[in-house]
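# Working through the structure, step by step
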Protein chains: 2
Amino acid sequence: MKGLGELERSIMDILWAENAPLTAREVGRMIEDRDLAPTTVMTVLDRLSRKGFLNRTRDGRAWRYQPAASRDAYVAELMLEALDLTGDRDAALTRFAQAVSGSEAEILRKALTELEEE
Amino acid sequence: MKGLGELERSIMDILWAENAPLTAREVGRMIEDRDLAPTTVMTVLDRLSRKGFLNRTRDGRAWRYQPAASRDAYVAELMLEALDLTGDRDAALTRFAQAVSGSEAEILRKALTELEEE
DNA sequence: GGGTAGTACTACGTCCCGTAGAGAGGTGAG
DNA sequence: CTCACCTCTCTACGGGACGTAGTACTACCC
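A quick note: this is a predicted structure, and the numbers were derived from the prediction, not measured.

Here we come to the overall build of chain A. When helices and strands are counted, chain A shows 6 helices and 2 strands. Ordered by position in the sequence, the α and β elements of chain A form the string α-α-α-β-β-α-α-α. Scaling as 2.2 N^0.38, a compact globule of 118 residues should have a C-alpha radius of gyration of about 13 Å, whereas chain A reaches 18 Å, well beyond that. C-alpha extents for chain A along the principal axes are approximately 50 × 30 × 25 Å.

And the structure:
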């Protein structure tokens, strides 16, 4: 998987937050702060779908874009990818476990426990 | 933290594997497969230390480089960084817990348990 | 004192990404 | 019908990171 640039991530954030597939125009309207040309938004949406982050379907002349995977799945995959960089996965995992804050350790513990019960 | 390129990572791998600080020449000798010019290795080592991944100390005219942090710490930090990308850390953590394979889930569980006991 | 090793500085090509214009083709208003 | 407009696709440019390396200078060994 390739990483995302800053604008790409902003746009993914919008689409992740929305439940319905959006057109380029709709996305553009939601990034007013950056005052981007419409084609800029279109280009980025196109690149994102080319990279597999978005799926798109026709709606008249326009495309509607929606995330191919949930944000959580994306983040989890990034984490697994980071984990793959190490030779010693166990050590890295241990380290990671120590690094997460208390409440998050609790979340992890719970998720792992549920996992065990299945 | 910035990511590492491929050559940069190869070189970090060498230095992480070694316990002693190495000179550019020594590092270069350990990447024979790529047949790099000595200056290439030096440039990359220089960039890595500039980025904070390596510390260097003088040894005669030469520099000796060694990692500023362990590989595990680096990987753990990458994982935490990925985690920061989400709005919903709990969901992402849960997802992550589900994604790690069984034996690794075991490692995580153990690390978390030890954490709890302290 | 000349070869060797090591350094610092500079450079070039490539790829990714932010950004956007040009041109093509449909569409609705008058 | 015609024109303004929307949306698409294609092309492009500038900056930054990275792989790669040359050059020029200095210091040491024999």
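Let's shift gears to the pairing of strand β2 (residues 62-67) of chain B. The side chains of a regular strand alternate, first on one face of the sheet and then on the other. Residue and element names in this part refer to chain B. Here strand β1 (residues 54-59) pairs with β2 via 6 bridges, running antiparallel. Following the sheet pairing, T57 is matched in β2 by R64. Turn length for the β1-β2 hairpin, with the two strands adjacent in sequence and antiparallel, is 2 residues, and the turn residue G60 shows positive phi of about 70°.

All right, on to the domain arrangement of chain A then. According to the domain assignment, chain A contains domain 1 (6-67) and domain 2 (71-117). Just the C-alpha atoms count here: the centres of domain 1 of chain A and domain 2 of chain A sit 30 Å apart.

The next point concerns the environment of V41(B). Residues and elements named next belong to chain B. Along the chain, V41 falls in helix α3 (residues 38-50). Along the backbone, V41 and L85 are 44 residues apart, and their C-alpha atoms lie at a distance of 33 Å. Setting aside anything within four residues of it in sequence, one finds V41 in contact with I11, A24, V27, G28 and L36.

As enumerated under the stated definition, the model contains 5 aromatic pairs over all chains in all. Among the aromatic residues, those joined into a ring-pair cluster are W16(A), F53(A) and Y74(A). Directly above the ring of W63(B) sits R56(B), whose terminal nitrogen or CZ lies 3.8 Å from the centroid. Seen from the ring of W63(B), R58(B) lies directly overhead, with NZ or CZ sitting 3.8 Å from the centre.

Surrounding DNA strand D, one finds 23 residues, the nearest of these being R25(A), E6(B), L7(B), T43(B) and K51(B). Atoms of DNA strand D within 4 Å of the protein belong to the sugar or the phosphate in 63% of instances, the rest to bases. Between a base nitrogen of DNA strand D and a side-chain N or O atom of T43(B), the distance comes to 2.6 Å. Elements with a contribution of two residues or more to the surface near DNA strand D: α3 (38-50), β1 (54-59) and β2 (62-67) of chain A together with α1 (6-17) and α3 of chain B. Counting residues per element, the surface near DNA strand D draws most heavily on α3(B), at 5 residues. Classifying every residue of the surface near DNA strand D by side-chain character gives 7 nonpolar, 5 polar and 11 charged.

With 38 residues of chain B in contact, the opposing surface of chain A contributes 38 residues. Interface area for chain B against chain A, summed over the two sides, is near 3700 Å², with a carbon-plus-sulfur share of 73%. Together, M79(B), L85(B) and L112(B) form the three largest contributors to the area buried by chain B at its contact with chain A, with a combined 16%. Notably, a salt bridge pairs E104(B) with R89(A), separated by 2.3 Å at the nearest N-O pair. Taken together, the connections running from chain B to chain A amount to 4 residue pairs in polar contact (both at pLDDT 80 or more). Within the residue set of the side of chain B that touches chain A, elements represented by two or more residues are α4 (71-84), α5 (89-99) and α6 (102-117) of chain B.

Scoring rules and cut-offs
Residues numbered from 1 in each chain as written. Chains lettered and ligands numbered in written order. Predicted model: local features only at pLDDT ≥ 70, side-chain atom pairs only at ≥ 80, totals over all residues. Heavy atoms only, no water. Helix = DSSP H or I, 4+ residues; strand = E, 2+ residues; numbered from the N terminus. Rg over C-alpha atoms; globule rule 2.2 N^0.38 Å. Pairing = 2+ DSSP bridges. Domains from an automatic or database assignment. Contact = heavy atoms within 4.5 Å. Phe/Tyr/Trp six-rings, centres within 6.5 Å; stacked < 30°, edge-to-face > 60°. Lys NZ or Arg CZ within 6 Å of the ring centre and 35° of its normal. Near = heavy atom within 4 Å. Polar contact = N/O pair within 3.5 Å; in protein donor to acceptor, adjacent residues only side chain to side chain. Nonpolar A, V, L, I, M, F, W, Y, C, P; charged D, E, K, R; others polar. Buried area = accessible area lost by both parts, 1.4 Å probe. Salt bridge = Lys/Arg side-chain N within 4 Å of Asp/Glu carboxyl O.

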